[in-house]
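Each chain, written out:
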Amino acid sequence: MARGRTTEQAGERTRSARPWWLWHLIVLGTATAAIALVPAGAARNAIMLTSAATVVVAIVVGLRIHRPPHRLGWLVLLVAVVYTVLSNVLWPVLQATGVTGDSPAIDLLYYTTYPVLGLALALLPVRGRRDLRFAGYIETGIITSGAAVVWWTLLVDPYVLDPDQIPDQLHVVAFPMFDMVIFALGLRLLLVGGAGSLSFALIALATAALLTADTALFVSALNSGGSPLVSVVCWMLSNALLGTAALHPSMAAPPADRPVDDALDNVGTARIYVVTVVATPIMTAIFLLHESMVDRVTAGDIIVPVGATAVTAALVVSRMRQLNLVARKRAVALQESVSKQAELQGELLHRAQHDSLTGLPNRELLYERLTAALAGERAGALVVLDLDAFKEVNDRFGHAVGDELLVAATGRLHDIVPAGGVLARLDSDEFAVLMLDHDLAGCRRTGERVLSAMRHPFPVQGHELFATASIGLRLLDPDLLTGDVLRDAYMALHAAKAAGRDQMTLFDRALSDQKLEAARTVERLRGAIERDELIVHFQPLVRLADERMTGVEALIRWQPAGEAMIPPDRFIPAAEDSGLIVPIGEWVLRRSCEVVAGWHRRRHAAVVSVNVSPRQLREPDFAAKVFAALRDSGLAPASLILEITEGVLVDSGMVTEQAIRHLTTLRAHGVKVAIDDFGTGYSSLAYLRDLPIDHIKIDKSFMPGPGGPSSVAGSVDTTAITMVKAIIDLAAGLELGTIAEGVETPEQVALLRSLGCDRAQGYYFARPLPAEEAALLLSSAEWGSSVPR
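## Here we look at the overall build of the protein
And then number 1: Counting secondary structure elements, the protein contains 28 helices and 16 strands.
And then number 2: Within the protein, the fraction of its 789 residues that count as buried is 47%.
And then number 3: Excluding contacts between residues fewer than 6 apart, the proportion of contacts in the protein whose partners are at least 24 apart in sequence is 72%.
And then number 4: Counting every atom, the protein has about 39000 Å² of accessible surface; 60% of that belongs to carbon and sulfur.

What follows is the structure, encoded as structure tokens:
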């Protein structure tokens, strides 16, 4: 907060200072223009003395308002101006009292002002930067030496030396010479301090005005005249410019943050150097030629211009040496920059082509290497693998543990990949191995080694984690594109996972045909609902105690126009993989509810059991869709049973939690939930106790063979009977209903009844029937009588 107030106060000081410098310039500029109307004498001297005094006030006010961080130069400038004002006051007093007349001794008061003024101009552009203390003197010297030649050849020699008219007052000659040095320092102020600073530009103009004033005085003195009006105006103008410079806000600006050589090297100064270096010797030569032609060559004619020219040449050589050193430094810096740029580009390329977690090549680099291998027609294979159940590790232990598992798996894979092979990470838990110059047998051996190595547990953060791998293997074929090889390897990987995981599958044409057939099935299936090709068949659910029908299970069928009916096992997997099972499952639910609700309106009470895909339970609005189907059809929630697989409930993670929330919500409103194909999956006793289910359906694989318990001695499947009895007893103990699937014989019916099974379905009772035939069956058999067979 304090810093903000300080900044605000500084801003207020700056805003309040802006009118002062402008008013100062206007007032003193007006006084300078009006000085010509004031006759020479006491009044003019008083105005000039007042203008000098305003410079003192302006510097003091500027320092107080703007508070420059580096004020030494301004303080020294203040001393120089105060000394000048005191000299201007003291000189007429001494003359009036008769202490001194026009003696040159009085000029010592003014001579001593120049060293202080020069020191101030030398300090001003530094502003705390030590590298600027000696910067710009060579450049300034070059320009000043050239100007000195011009000043000597055009003024001093023709008006002083040649006519032998040396003025009695030495100061009229000395002052312009001193002013030349001050003007040079003013030029350095622009070069080093920056031409963008208005304050420094005004000071440089003030030094130029001072040089002009004293040069005009010099010319006037040669003609025995007094102070000419030009000198008076330029002295006044110099005071006005100095005061304005002190009041302008740029007097407190920090130095530009750029190297010294950059500050000195610009197009403008380079042109000045060229003009000075070229003009100085030319003017010297013309001057000496003219002097020799009129036979007036003296020692001074040679020493001063030639000496100034020599100084200019020496300074130019020195500057060239500096520029050479600067060029070398910049060349070295450029070389270092290029090297760093190359290193940076290499690092960026490495990062772009490598995985940040494992350091392995990524998909882009693998694609590049695979492309090169195919172009070179090299033998080998591409192996694509992923870690089985890796998502469960992330969901259970967190992504930090999952990342460590990936790093550990990478280290284990590194030890197996043969020399010359490329191990890459393609995605989250997907890796690839490009094996070159290996035959099929060698690639298979490497794949088997990977499978074997990944079966061992990984110690990660105190856990023993298992991460088996599924592998797809594709031999390299130079006639294929890179993308085709990757596609085929992925196809083999998916086949390995579908076959049970923890195994390796070699790509063959049959996999491609299956994939193509699945793609075609999906394309045809997309419009099946709109074309009214999907139908629902209903298989009766029978209560075993009296073999009376209590409901039906809805089973989907696909009947394309003009074709044979397609069984579910040929299109349901494709619908699951493509996500089409979501709209198809919703349609089956709605259709089933509509049909059974119609039966209810005809006073045929029945429940309907509808299969629900795990993919449907991932939808955030699944429960809402079920309620909508019940509401739109008018079917009571208690008449609906949703069948789910065991894996939906025993998996971990947010998806499973969402599925449980859906089922809990539906059960709270009366909808029943059944576990389909019980015993073929996880069969965890904990989920039977804790999760929202009402029935378990015993898979037909547990049913005893067709001979049943009444078969010839020795043919009874006692193991199957024991397992079925265990399931029924378990369900009864947990107060869950049981439904047996795939019942085909009267012996199986008798067995299930004796074991206490509640309901059954199967070909023994009836095959799945279209809605119309099921309705006829329901209407022809009064509920409560046995199912007609």
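## Observations concerning the nonpolar core
And then number 1: Formed by 78 residues in total, the largest nonpolar core has its most connected members in Leu525, Phe538, Val608, Leu640, Leu642, Val743 and Leu752.
And then number 2: In terms of residues, this core owes the most to one element, helix α20 (residues 581–601), which gives ten residues.
And then number 3: Excluding residues within four positions of it along the chain, valine 743 makes contact with Met703, Gln748, Val749, Leu752, Ala760, Gln761, Gly762, Tyr763, Tyr764 and Phe765.
And then number 4: Counting 34 residues, the second-largest nonpolar core is a separate cluster that includes Ile59, Leu124, Leu202 and Ala206.

## As for the environment of alanine 432
And then number 1: Here alanine 432 lies in strand β3 (residues 430–436).
And then number 2: Assessed through its relative accessible area of 0%, alanine 432 is described here as buried.
And then number 3: Alanine 432 sits 66 residues away from leucine 366 along the chain, and the two C-alpha atoms are 8.2 Å apart.
And then number 4: Discounting chain neighbours no more than four positions away, the residues touching alanine 432 are Leu366, Leu382, Val383, Val384, Val422, Leu423, Ala424 and Leu426.

## What to know about the sheet that holds β3
And then number 1: One open sheet holds the five strands; their spatial order is β2-β3-β1-β6-β7, and the pairing between them is mixed. For this open sheet the edge positions go to β2 (422–425) and β7 (504–506), each flanked by a neighbour on one side alone. Strand-to-strand twist of the sheet, defined as the mean angle between neighbouring strand axes without regard to direction, takes the value 20°.
And then number 2: The sheet contact formed by β2 and β3 spans four bridges and is antiparallel. Counted as the bridge partner of leucine 423 is valine 433 from β3.
And then number 3: Relative to the sheet, helix α17 (residues 482–498) contacts β1 (380–387), β3, β6 (469–475) and β7, its axis offset from that of β6 by approximately 145°.

## Structural notes on helix α2 (residues 42–66)
And then number 1: With 25 residues, α2 ought to run about 36 Å at 1.5 Å a step, and its terminal C-alpha atoms sit 36 Å apart, in line with that.
And then number 2: Burial in α2 covers these residues: Arg44, Met48, Ser51, Ala52, Val55, Val56, Ala58, Ile59, Gly62, Leu63, Ile65 and His66.
And then number 3: Note on α2: the residue one or two positions beyond its end, arginine 67, has a positive phi of about 45°.

## Structural notes on the pairing of β6
And then number 1: Among the seven residues of β6, six are classified as buried, and the element is accordingly described as predominantly covered.
And then number 2: Here β1 runs beside β6; their pairing, made up of seven bridges, is antiparallel. Residue pairing in the sheet places valine 383 in a bridge with leucine 473 of β6.
And then number 3: Across three bridges, β6 lies against β7 in parallel orientation. Looking at the pairing, glycine 472 lines up with threonine 505 of β7.
And then number 4: In this view, the connection linking β6 to its parallel neighbour β7 by way of α17 has left-handed handedness.

## A closer look at the packing of helix α22 (residues 622–633) against helix α24 (residues 654–668)
Pairs of packed helices are described in terms of their axes, by the angle between the two and the distance that separates them.
And then number 1: Interhelical geometry of α22 versus α24 gives an angle of 30° and a closest axis separation of 9 Å. Accordingly, the angle class assigned to the pair α22 and α24 is roughly parallel. Here Phe622, Ala623, Val626 and Phe627 of α22 lie close against α24, whose contacting residues are His662, Thr665 and Leu666.
And then number 2: Partitioning the contact of α22 with α24 into residue classes produces five nonpolar, two polar and no charged.

## Description of the pattern of salt bridges
And then number 1: The tally for this structure, following the rule as stated, stands at 27 salt bridges.
And then number 2: Three or more residues joined by partner-sharing salt bridges are found here, namely Glu586, Arg590, Asp621, Lys625, Arg631 and Asp632.

## Some remarks on the packing of aromatic side chains
And then number 1: Tallied over the entire structure, the rule returns five aromatic pairs.
And then number 2: Three or more aromatic residues joined by ring pairs form one cluster here, namely Tyr114, Phe175 and Phe178.
And then number 3: The ring centre of phenylalanine 458 lies 3.7 Å from the NZ or CZ of arginine 412, which sits over that ring.
And then number 4: The positively charged end of arginine 767 is found above the aromatic ring belonging to tyrosine 763, 3.9 Å away from the centroid.

## Side note on the packing of helix α15 (residues 399–414) against helix α16 (residues 440–454)
And then number 1: The N-to-C vectors of α15 and α16 enclose an angle of 140°; their axes lie 10 Å apart at closest approach. Between α15 and α16, the interaxial angle falls into the category oblique. When you trace α15 past α16, the crossing you get is right-handed. When α15 is examined against α16, the residues Ala409, Arg412 and Leu413 are found in contact with a partner set consisting of Val450, Ala453 and Met454.
And then number 2: A class-by-class count of the residues in the contact of α15 with α16 yields five nonpolar, no polar and one charged.

## Details of the confidence of the model for the protein
And then number 1: Taken as a whole, the protein shows an average pLDDT of 82; of its residues, 82% reach a score of 70 or greater.
And then number 2: Within the protein, α22 carries the highest mean pLDDT (96), whereas helix α10 (residues 260–264) carries the lowest (53).

## Comments concerning the environment of valine 150
And then number 1: Looking at the element boundaries, valine 150 is found in helix α6 (residues 137–161).
And then number 2: When its relative accessible area of 30% is taken as the criterion, valine 150 is described as partly exposed.
And then number 3: Each C-alpha atom, one on valine 150 and one on threonine 284, is 8.6 Å from the other, the two residues being 134 residues apart in sequence.

## Some remarks on unusual backbone geometry
And then number 1: The backbone phi angle of aspartate 437 is positive, close to 60°, even though this residue is not glycine.
And then number 2: For aspartate 437, the location among the structural elements is in the loop between β3 and α16.
And then number 3: For aspartate 437, a relative accessible area of 53% translates into the label exposed.
And then number 4: Unlike most non-glycine residues, glutamate 735 shows phi in positive territory, near 60°.
And then number 5: Structurally, glutamate 735 is set in the loop between α26 (718–733) and β14 (737–740).
And then number 6: On the basis of relative accessibility, which here comes to 73%, the residue glutamate 735 falls in the exposed class.

What counts and how
Residues numbered from 1 in each chain as written. Predicted model: local features only at pLDDT ≥ 70, side-chain atom pairs only at ≥ 80, totals over all residues. Heavy atoms only, no water. Helix = DSSP H or I, 4+ residues; strand = E, 2+ residues; numbered from the N terminus. Buried < 20%, exposed > 50% of the residue type's maximum accessible area, 1.4 Å probe, protein only. Contact = heavy atoms within 4.5 Å. Areas by Shrake-Rupley, 256 points an atom, 1.4 Å probe, with all protein chains shown as cover. Core = buried A, V, L, I, M, F, W, Y, C linked by side-chain atoms within 4.5 Å. Pairing = 2+ DSSP bridges. Axes fitted to C-alpha atoms, helices over the stretch in contact; angles between N-to-C directions. Expected span 1.5 Å × (residues − 1). Right-handed = clockwise from strand over helix to strand, strands pointing away. Parallel < 35°, antiparallel > 145°, perpendicular 65-115°, else oblique. Nonpolar A, V, L, I, M, F, W, Y, C, P; charged D, E, K, R; others polar. Salt bridge = Lys/Arg side-chain N within 4 Å of Asp/Glu carboxyl O. Phe/Tyr/Trp six-rings, centres within 6.5 Å; stacked < 30°, edge-to-face > 60°. Lys NZ or Arg CZ within 6 Å of the ring centre and 35° of its normal. Left-handed = near helix turned anticlockwise from the far one by under 90°. pLDDT = per-residue confidence, 0-100.

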